[in-house]
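As a plain string of letters, each chain reads:
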Amino acid sequence: MLKEFREFAMKGNVVDLAVGVIIGAAFGAIVNSLVGDVIMPLIGAATGGLDFSNYFIPLSAKVTATNLADAKKQGAVLAYGQFLTLTLNFLIIAFVLFIVIRIMNQLKRLQETEPAAAPKPSREVELLTEIRDLLKKA
């Protein structure tokens, strides 16, 4: 196993993996900021400040608090609000990425469908075309 790991490291895969992890972490931070600081406040404004992260179901009769932090101190709770928030974040990110990729694909198709202007034929080709046309007439 040690030999396999050494071969793995010598092939440069460890460096590639490290770069991938760093880029993934940076991308994750950007996406979290985009969702948390830009998109979610807009959704909160549209929904009247609705915040799912404080939603919970008490699993103990002695839990009487209405705040999640206080309820956790009183007893067992099923805190499903954070799950809803993260699921909503995922759906928003997936939708935004879908829209971005769709726009990029449409732009790519537009570029591919625009035919390149045919180059002007050379003087030799023009002369040969004239000769061909004259021979067809004769």
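A full pass over the atoms with the stated rule returns 2 aromatic pairs. On the basis of an interplanar angle of 85° and a centroid distance of 5.6 Å, the ring pair of F52 and Y55 is categorised as edge-to-face. Assessed through its relative accessible area of 25%, F52 is described here as partly exposed. Y55 sits in the partly exposed class, given a relative accessible area of 29%. Residues Y55 and Y80 carry aromatic rings whose centres are separated by 6.1 Å and whose planes lie at 65° to one another, so their mutual orientation is edge-to-face.

Here we come to the pattern of salt bridges. Scanning the entire structure with this criterion turns up 2 salt bridges. We note a salt bridge from E126 to R123, for which the minimum N-O separation is 3.4 Å. Of the two residues, E126 and R123 are both situated in helix α5 (residues 123-137); the distance of 3 residues between them amounts to about one turn of the helix. Of the charged contacts, one joins D133 and R132 as a salt bridge, the two residues approaching to 3.3 Å between their closest N and O atoms. Assessed through its relative accessible area of 45%, R132 is described here as partly exposed.

Reading the values: the criteria
Residues numbered from 1 in each chain as written. Predicted model: local features only at pLDDT ≥ 70, side-chain atom pairs only at ≥ 80, totals over all residues. Heavy atoms only, no water. Phe/Tyr/Trp six-rings, centres within 6.5 Å; stacked < 30°, edge-to-face > 60°. Buried < 20%, exposed > 50% of the residue type's maximum accessible area, 1.4 Å probe, protein only. Salt bridge = Lys/Arg side-chain N within 4 Å of Asp/Glu carboxyl O. Helix = DSSP H or I, 4+ residues; strand = E, 2+ residues; numbered from the N terminus.

Distances and angles like these do not, on their own, reveal function.
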